[in-house]
Amino acid sequence: MFDSKRENQRSSRKDWRLEANLTVQEFTKIVIQSVIHYNNHHVLSNYVLTKEMLEAGVQKIPRRIWEYGINNQKGVLRTLHEDVVKFYLLPSAEAVVTPKGVMYKNMAYVSDFCYEHNWFGEARTKGHWKVRIWYDPTDLGQIYTLHNEKPQPLYLVEHFHHLNEKTIYEIEQTMEEVKKQEKRDKEVEQKERINLINDIEKIVNQARKEAKKQQSTSKNQRLQAIKENREQEKKVQRSFMRDKQGVEEEDIDDDLDLFRKLRR
């Protein structure tokens, strides 16, 4: 009931993909306008002004703070490589280091860096641990971790290569479909398991009946054999007695003949 309720809620939500009216260029304009607004008007409430900034009446607005720093602090600005800047603009999340790889979104990632630092061996002996990763939402074929301020790429293991160049949204949709199919398969498995148990019980019950029948038949057969053996023994005994009696009668006849002869 809970699942059906949740499905109804999902179906009642708007699919914003169908509501989209902006082109990529128009969306880009909106992003640029939002950045300009942030730099010129957003108030950084948590920013701590220095004594000099307070005396100069610097506003907690990104552009005013920037202008004050350029004009007064005369610091040498750091120059960062384009790839580093892009890296820090990527969204980040937590992944889990396991013996099978660095797991994110139920996908496994590996790299030479992980093997060199024995991540998977330590996960096998010491247990799993979490690690911060960065990713490009348009392509989850690789993710990044940070070591000594240097991005380290990690790549999908071979049996996940079919997800290369897939966006995070495509992958989440794929994983959701896999879960739904797995749920349906488990329901079928449960039904078939019940059928299997019923079939096993039928086989066991039939075997018990056959065993009892066999035991009963065997007992009757043994009793019948005993009876037949007794009858056979009686027949043998009778035959023996008849033969013995015949021998004795012959001996008596012989003695009588001898006595008659001697008498004569």
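So, a few notes on the structure that sits alongside this text. (Residues numbered from 1 in each chain as written. Predicted model: local features only at pLDDT ≥ 70, side-chain atom pairs only at ≥ 80, totals over all residues. Heavy atoms only, no water.)

**Some words on the overall build of the protein**
Here is step 1 of the chain: Scanning the protein from terminus to terminus reveals nine helices and six strands.
Here is step 2 of the chain: Of all 264 residues assigned to the protein, the portion counted as buried reaches 17%.
Here is step 3 of the chain: Excluding contacts between residues fewer than 6 apart, the proportion of contacts in the protein whose partners are at least 24 apart in sequence is 53%.
Here is step 4 of the chain: A total accessible area of about 22,200 Å² is found for the protein, and carbon and sulfur atoms account for 53% of it. (Helix = DSSP H or I, 4+ residues; strand = E, 2+ residues; numbered from the N terminus. Buried < 20%, exposed > 50% of the residue type's maximum accessible area, 1.4 Å probe, protein only. Contact = heavy atoms within 4.5 Å. Areas by Shrake-Rupley, 256 points an atom, 1.4 Å probe, with all protein chains shown as cover.)

**A look at unusual backbone geometry**
Here is step 1 of the chain: Look at K105: it is not a glycine, yet its phi comes out positive at around 55°.
Here is step 2 of the chain: Examined against the element boundaries, K105 turns out to sit in the loop between β2 (101-104) and β3 (107-110).
Here is step 3 of the chain: If you check the backbone angles, N106 has positive phi at about 65° while not being a glycine.
Here is step 4 of the chain: The topology assignment puts N106 in the loop between β2 and β3.
Here is step 5 of the chain: Judged by its relative accessible area of 51%, N106 is exposed.

**Re the nonpolar core**
Here is step 1 of the chain: Counting 27 residues, the largest nonpolar core has V102, Y104, M107 and Y109 as its most contacted members.
Here is step 2 of the chain: Counting residues per element, this core draws most heavily on β3, which supplies four residues.
Here is step 3 of the chain: When residues no more than four places from it in sequence are discounted, the contact partners of Y109 are G101, V102, Y104, F120, L140, G141, Q142, I143, L154, Y155, L156 and V157.
Here is step 4 of the chain: In this structure, L44, V58, I65 and Y68 belong to the second largest nonpolar core, which totals six residues. (Core = buried A, V, L, I, M, F, W, Y, C linked by side-chain atoms within 4.5 Å.)

**Concerning a nonpolar patch on the surface**
Here is step 1 of the chain: Together, L22, F27, I30, V31 and V35 make up a nonpolar patch on the protein surface, roughly 450 Å² of accessible area in all.
Here is step 2 of the chain: For V35, a relative accessible area of 44% puts it in the partly exposed group. (Patch = residues over 30% accessible without salt bridge, like charges linked within 9 Å, V, L, I, M, F, W, Y side chains within 5 Å. Salt bridge = Lys/Arg side-chain N within 4 Å of Asp/Glu carboxyl O.)

**Details of the sheet that holds strand β1 (residues 92-98)**
Here is step 1 of the chain: Taken in spatial order, the six strands of this closed barrel run β1-β2-β3-β6-β5-β4, and their pairing is antiparallel. Shown here is a sheet whose adjacent strand axes are inclined to one another by a mean of 45°, direction ignored.
Here is step 2 of the chain: In this structure, strand β5 (residues 139-147) lies alongside strand β6 (residues 150-156), joined through six bridges in antiparallel fashion. Its bridge partner lying in β6, Y144 is registered against P153.
Here is step 3 of the chain: This element, helix α8 (residues 119-126), spans β1, β2, β3, β4 (129-136) and β5 of the sheet and lies at about 70° to β1. (Pairing = 2+ DSSP bridges. Axes fitted to C-alpha atoms, helices over the stretch in contact; angles between N-to-C directions.)

By themselves these figures say nothing about function.
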